[in-house]
Amino acid sequence: MKSLFSLIALLLITFYNAQGLKNFPTPKGYTKIAESKGDLDKDGKDEVVIIFDTDQKASESADNPEFKDYKRVFYILKNEDNSLKVWKKNATVLFSSGMGFYPEENTPPEISIKNNALTISQTFNTNSRHTQNYNHTFRFQNGDFYLIGSHDQFEDTCDFIFLNEINFSTGKVIVDKEYSSCNDETKAPDPFHKEFTHKLKTLIKMNDFTIGGHQFRIPGSADDLFF
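The shown structure was predicted, so the numbers you read here are calculated from the model rather than taken from an experiment.

Can you lay out empty space enclosed by the protein for me, pointing to particular residues and giving the numbers?
Gaps left between atoms show up when a probe the size of a water molecule is rolled over them. Throughout the structure, instances matching the rule amount to 2 cavities of 30 Å³ or more. Lining the largest cavity, in full, are Arg72, Phe95, Ser96, Met99, Asn106, Thr107, Pro108, Pro109, Gln122, Thr123 and Phe124. A total of 3 residues in the lining of the largest cavity trace back to one element, the largest contributor, which is strand 6 (residues 117–125). Taken together, the residues of the lining of the largest cavity sort by class into 5 nonpolar, 5 polar and 1 charged.

If you want it as C-alpha cells, here you go:
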C-alpha cells in the first residue's frame, strides 16, 4: 500500500510539474547531434532527450582560427498535447565540442534510457595515445534528476586501463587499475583492484553536477577518486 501511495504521489508531482511548461522550438543557430526517447518519470509516456551544439563558443585558438569549439546543452522534453515542452535543461554535464586532443575525430555524446534512467556517454582522446570515456546516469526522483551512477575509464593504447565505477544508490565503488607494457623489456606495475562502500549524505542533482568537480578519499590510500 505504501508503494502505491508513493507511485500516486510521484505521478501527481509529475502532472503538476508538467502544467505551465513552455513549448520547445529548436533554438536558432543550434545543431542537433543526438536524440533518444524513453519514459523517465514512470508515467507511461516517453520523454525526448536532445543534445545540441549551441552557437556559443567555449574557446578559441589563436593558432587555428578555424577551430570550432562550441558549448553543448541537452533538453529533456515532455510530449503534452502533441507538442514538445521543456521539462529540464542542462548545460553542466556535457563537455564542449572542442574537447580533447583530436576534437574533429570525436564521436557525438550518446544518450540511452533504460529502466527509467538517463545515461549520457562521452568519449574523447586526451593525447595521441590516451582515451577517456565517461558514462553518467541520472534518475528522476523526489521531484528532480539525481546522479545515481558514474563510470570513468581512462586507457592507454598499450600501457594501462584505469576504471572508476560508482553506484550512488548503493554506495558501491570499484577502483581498478590494469597495467601492461608497450615495451617488452619494461616490467608492468602490479594491478590494483579495490571495492568498497562510500555513501553520499545527499545525492547530487543533475544541474549541480560537473564532471571532475567532486571527490572522496579511497580508503587505505593517499589518492582521491574524482568524479
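Read on for the rest.
With reference to specific residues and values, describe the pairing of strand 5 (residues 110–114).
The pairing of strand 5 with strand 6 spans 5 bridges and is classified as antiparallel. From the neighbouring strand, Glu110 faces strand 6, where its bridge partner is Ser121. Linking strand 5 back to strand 6 in an antiparallel pair, the connection comprises 2 residues, with Asn115 at a positive phi of about 55 degrees.

How would you sum up the sheet that holds strand 3 (residues 70–80)? Please name residues and give values.
The pairing of strands in a sheet comes from backbone hydrogen bonds and takes either a parallel or an antiparallel form. What the 4 strands build is an open sheet, ordered 1-2-3-4; its pairing is antiparallel. Each end of this open sheet is capped by a strand with a single partner; those strands are strand 1 (31–38) and strand 4 (83–90). Going across the sheet, the axis of each strand differs from the next one's by a mean of 30 degrees, ignoring polarity. Here 7 bridges tie strand 2 (residues 47–57) to strand 3, and the two strands are oriented antiparallel to one another. Residue pairing in the sheet places Ile51 in a bridge with Phe74 of strand 3.

Lay out the sheet that holds strand 9 (residues 160–167) in plain terms, naming residues and giving numbers.
Strands sit in the order 5-6-7-8-9-10-11 across an open sheet of 7 strands; the sheet is antiparallel. Among the strands making up the open sheet, the edge pair consists of strand 5 and strand 11 (192–197). Across the sheet, the mean angle from the axis of one strand to that of its neighbour is 10 degrees, orientation sign disregarded. Relative to strand 8 (residues 144–156), strand 7 (residues 130–141) runs antiparallel, the two being bridged by 12 bridges. By the bridge assignment, Phe140 is partnered in strand 8 with Phe145.

Provide a residue-level description of the packing of aromatic side chains, including the pertinent values.
A complete count under the given rule lists 18 aromatic pairs for this structure. Ring geometry for Phe140 against Phe145: centres 5.2 Å apart, planes inclined by 55 degrees, an arrangement best described as tilted. A single burial state applies to Phe140 and to Phe145, both of which are buried. Put simply, the rings of Phe24, Tyr30, Phe52 and Tyr75 pair up and form one aromatic cluster.

So what's going on with unusual backbone geometry? Residues and values would help.
With a phi angle near 65 degrees, Asn116 is a residue other than glycine that sits in the positive phi range. Along the chain, the position of Asn116 falls in the loop between strand 5 and strand 6. A positive phi angle is found at Asn142, which is not glycine, with a value near 50 degrees. Tracing the backbone through its elements, the reader meets Asn142 in the loop between strand 7 and strand 8.

For the pattern of salt bridges, give the residues involved together with the corresponding values.
For the coordinates displayed, the defined rule picks out 12 salt bridges. A salt bridge links Lys32 to Glu35; the shortest N-O distance between them is 2.7 Å. Assessed through its relative accessible area of 47%, Lys32 is described here as partly exposed. Glu35 sits in the partly exposed class, given a relative accessible area of 38%. A single network of salt bridges, built from pairs that share partners, joins Asp41, Asp43, Glu47 and Lys78.

Report on the state of the cysteines, specifying residues and quantitative values.
For the structure shown, the criterion picks out 1 disulfide. Put simply, Cys158 and Cys182 are joined by a disulfide, and their sulfur atoms are 1.7 Å apart. Here Cys158 and Cys182 share a disulfide; its torsion about the S-S bond, 100 degrees, makes the bridge right-handed. Within this pair, whereas Cys158 is found in the loop between strand 8 and strand 9, its partner Cys182 is found in the loop between strand 10 (172–179) and strand 11, the two being separated by 24 residues in sequence. On the basis of relative accessible area, Cys182 is assigned to the partly exposed category, the value being 38%.

Cut-offs applied
Residues numbered from 1 in each chain as written. Predicted model: local features only at pLDDT ≥ 70, side-chain atom pairs only at ≥ 80, totals over all residues. Heavy atoms only, no water. 1 Å grid on protein atoms, 1.4 Å probe; cavity = no way out; pocket = protein on both sides within 12 Å on 5 of 7 lines; lining within 4 Å. Points joined across faces, edges and corners; volume = space filled by probe spheres on them. Helix = DSSP H or I, 4+ residues; strand = E, 2+ residues; numbered from the N terminus. Nonpolar A, V, L, I, M, F, W, Y, C, P; charged D, E, K, R; others polar. Pairing = 2+ DSSP bridges. Axes fitted to C-alpha atoms, helices over the stretch in contact; angles between N-to-C directions. Phe/Tyr/Trp six-rings, centres within 6.5 Å; stacked < 30°, edge-to-face > 60°. Buried < 20%, exposed > 50% of the residue type's maximum accessible area, 1.4 Å probe, protein only. Salt bridge = Lys/Arg side-chain N within 4 Å of Asp/Glu carboxyl O. Disulfide = S-S within 2.5 Å.

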